[in-house]
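Single-letter residue listing:
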Amino acid sequence: MKPRSAVVKNIAMTTTLAGTFLSLPSLVSAHFGKELLYKGQHSEHVKSLQTVLKTEGYYKLTKPTGYFGSTTEKAVKEFQKDHDLKVDGLVGPKTKAKLSKYVKQDHNLTIGSKGPKVKEIQETLKRLGYYTGHLDGIYGTKTRLSVLNFQKTNHLSMDGIVGPNTLKRLHGSPKRASRSSETVQTVQKTSRSIAASSNVMYVSATAYTAYCAGCSGKTATGINLRANPNSKVVAVDPNIIPLGTKLYIEGYGYAVAGDTGGAIRGKHVDLFMSSRDDALKWGRRTVKVTILGS
């Protein structure tokens, strides 16, 4: 049984915050949830919190874990102190609102993406009649096919990726799913064509971070890696792999050729990692790269 003081605290906290949570903007709730975040919790919303705090230099662990422990609580308190908030280590409406200003909305969603953003897309696609799978927050084959179907019906470029244009249409005035077999067949044909047109090469792969000496954190194509620490970006030799090419890299996942480097020549790629430890752990190895198209 909880001590009486804890019960009173919980009741007071619930009474104070309930109405405010209902009015939180969708962006805030999508990333950090509608509930109070505090020490001892373990969730995707805590992971999103840690990601933002790490990007801004408050969270010191190598990568977000999803567990709200002492390190996370300390990071929250430091953030609150720097932003003139009540320093209590509790992530409520005011702290979430301030954190939301540092949430980056330009990160594309594609095969392998996970989390609240993916689940929100699945929910929207399901409401519009495109998606029939589980709302699991995992961008798998079913989600990709439903995105392709949505893009076909709404006259968007069919790449199976939720980028700015697809996201804008989803949140604008989208057309509902067509039930015609022609649309489904077109989507499946396009998906097969993408797979058939891909080619494979073996390359030497090293890794880098956005915090090396002299690094600005911005790639040759303008991607801000410090603001998007979970991005899958690869530095390439444009004479071998054109910038903007979508890739699948063995042991790394789906990525985009978004950077170059003075030492990157020929069949050599440099993979962005969110931390120095991950980059060192990767080392140098030969991997299979599948080119999926631009």
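See the structure printed just above.
Heads up: these notes are all about the structure in this document.

About the thresholds
- Each chain has its residues counted from 1, following the order in which its sequence is written.
- Whole-chain, interface and lining totals are the exception, using all residues; otherwise, since this is a predicted model, local features are given only for residues with pLDDT of at least 70 and side-chain atom pairs are given and counted only at 80 or more.
- Calculation of side-chain values draws on the structure's entire complement of heavy atoms; hydrogens and water are dropped beforehand.
- Buried, partly exposed and exposed residues are distinguished by accessible area as a fraction of the type maximum, computed with a 1.4 Å probe on protein chains only: under 20%, between the cut-offs, and over 50%, respectively.
- Counting from the N terminus, the helices are the DSSP runs of H or I reaching at least four residues and the strands are the DSSP runs of E reaching at least two.
- For two strands to count as paired, DSSP must find a minimum of two bridges between them.
- Only residues above 30% relative accessible area that lack a salt bridge enter a patch, with like-charged residues linked at up to 9 Å and the nonpolar side chains Val, Leu, Ile, Met, Phe, Trp and Tyr linked at up to 5 Å.
- Each accessible area value is a Shrake-Rupley result obtained with a 1.4 Å probe; residue values ignore everything except the protein chains displayed when judging cover.
- Within this document, salt bridges are pairs made up of a side-chain nitrogen of Lys or Arg and a carboxyl oxygen of Asp or Glu, the two lying within 4 Å of each other.
- All tallies of charge rest on Lys and Arg as positive and Asp and Glu as negative; His and the ends of each chain are not included.
- To locate a charge, the coordinates of NZ of Lys, CZ of Arg, CG of Asp or CD of Glu are taken.
- Only buried residues count toward a nonpolar core, which is a set of Ala, Val, Leu, Ile, Met, Phe, Trp, Tyr and Cys residues joined through side-chain atoms within 4.5 Å.
- Two rings from Phe, Tyr or Trp (for Trp, the six-membered ring) form a pair when their centres sit within 6.5 Å of each other. Planes less than 30 degrees apart are called stacked, planes more than 60 degrees apart edge-to-face, and all others tilted.
- Lysine NZ or arginine CZ positioned within 6 Å of the ring centre and within 35 degrees of the ring normal marks a charge as sitting over the ring.
- Helix span is expected to be 1.5 Å times the residue number reduced by one.
- Throughout, the arc means the angular range of directions from the helix axis out to the C-beta atoms.
- Contact between two residues is taken to exist if any of their heavy atoms lie within 4.5 Å; hydrogens are not considered.

## Considering the pairing of strand E1 (residues 199-208)
Thought 1: Among the 10 residues of E1, seven are classified as buried, and the element is accordingly described as predominantly covered.
Thought 2: Pairing of E1 with strand E5 (residues 268-272), which is carried by five bridges, proceeds in the parallel orientation. For Ala207, the partnering residue across the bridge sits in E5 and is Leu271.

## Let's talk about a positive patch on the surface
Thought 1: The grouping of Lys47, Lys63, Lys114 and Lys281 at the surface amounts to a positive patch.
Thought 2: For Lys281, the location among the structural elements is in helix H10 (residues 276-282).

## Section: the nonpolar core
Thought 1: By size, the foremost hydrophobic cluster in this structure holds 27 residues, and its most contacted members are Val234, Leu247, Ile249, Tyr252, Val269, Leu271 and Trp282.
Thought 2: Broken down by element, the residue count for this core peaks at five residues, all from E1.
Thought 3: Counting residues in each nonpolar core, the second largest holds 16 residues, with Phe32, Leu49, Tyr58 and Val103 among its members.

## So, the pattern of salt bridges
Thought 1: A complete count under the given rule lists one salt bridge for this structure.
Thought 2: The shortest N-O distance in the salt bridge between Glu73 and Lys39 comes to 3.8 Å. In this pair, Glu73 sits in helix H4 (residues 70-82) while Lys39 sits in the loop between helix H2 (26-32) and helix H3 (44-55), placing the two residues 34 residues apart along the sequence.
Thought 3: In this structure Lys39 comes out as partly exposed when scored by relative accessible area, which is 42%.

## Observations regarding the packing of aromatic side chains
Thought 1: Within the structure shown, the criterion is met by five aromatic pairs.
Thought 2: Consider the rings of Tyr130 and Phe150, whose centres lie 5.2 Å apart with planes at 80 degrees: the pair is edge-to-face. Placement of Tyr130 in the loop between helix H6 (116-127) and helix H7 (141-153) and of Phe150 in helix H7 is noted, with a sequence separation of 20 residues between them. For the residue pair Tyr130 and Phe150, the accessibility class agrees, reading buried in each case.
Thought 3: Against the face of Tyr252 rests Lys232, its NZ or CZ located 4.3 Å from the ring centre.
Thought 4: We note Arg285 situated over the ring of Trp282; from NZ or CZ to the ring centre the distance is 3.6 Å.

## Description of H4
Thought 1: For H4, spanning 13 residues, the distance from its first C-alpha to its last is 18 Å, which sits close to the expected 18 Å at 1.5 Å a residue.
Thought 2: Taken together, the buried positions of H4 are Thr72, Ala75, Val76, Phe79 and Gln80. End-on view of H4: buried residues confined to an arc of 135 degrees, all on one side of the axis. Opposite its buried face, H4 presents the exposed residues Lys74, Lys81 and Asp82, each directed more than 90 degrees away.
Thought 3: Tucked inside the fold, the buried residues of H4 contact H3 and helix H5 (93-100).

## Some points on unusual backbone geometry
Thought 1: Residue Asp84 is not a glycine yet carries a positive backbone phi of 55 degrees.
Thought 2: When you line up the elements, Asp84 lands in the loop between H4 and H5.
Thought 3: For Asp84, a relative accessible area of 74% corresponds to the exposed category.
Thought 4: A positive phi is found at His155, a non-glycine position, where the angle reads about 55 degrees.
Thought 5: Among the secondary structure elements, His155 is positioned in the loop between H7 and helix H8 (164-170).

## Remarks on H6
Thought 1: For H6, with 12 residues, the first-to-last C-alpha span of 16 Å sits near the 16 Å given by 1.5 Å per residue.
Thought 2: Just downstream of H6 lies Gly129, where phi reads positive at about 90 degrees.

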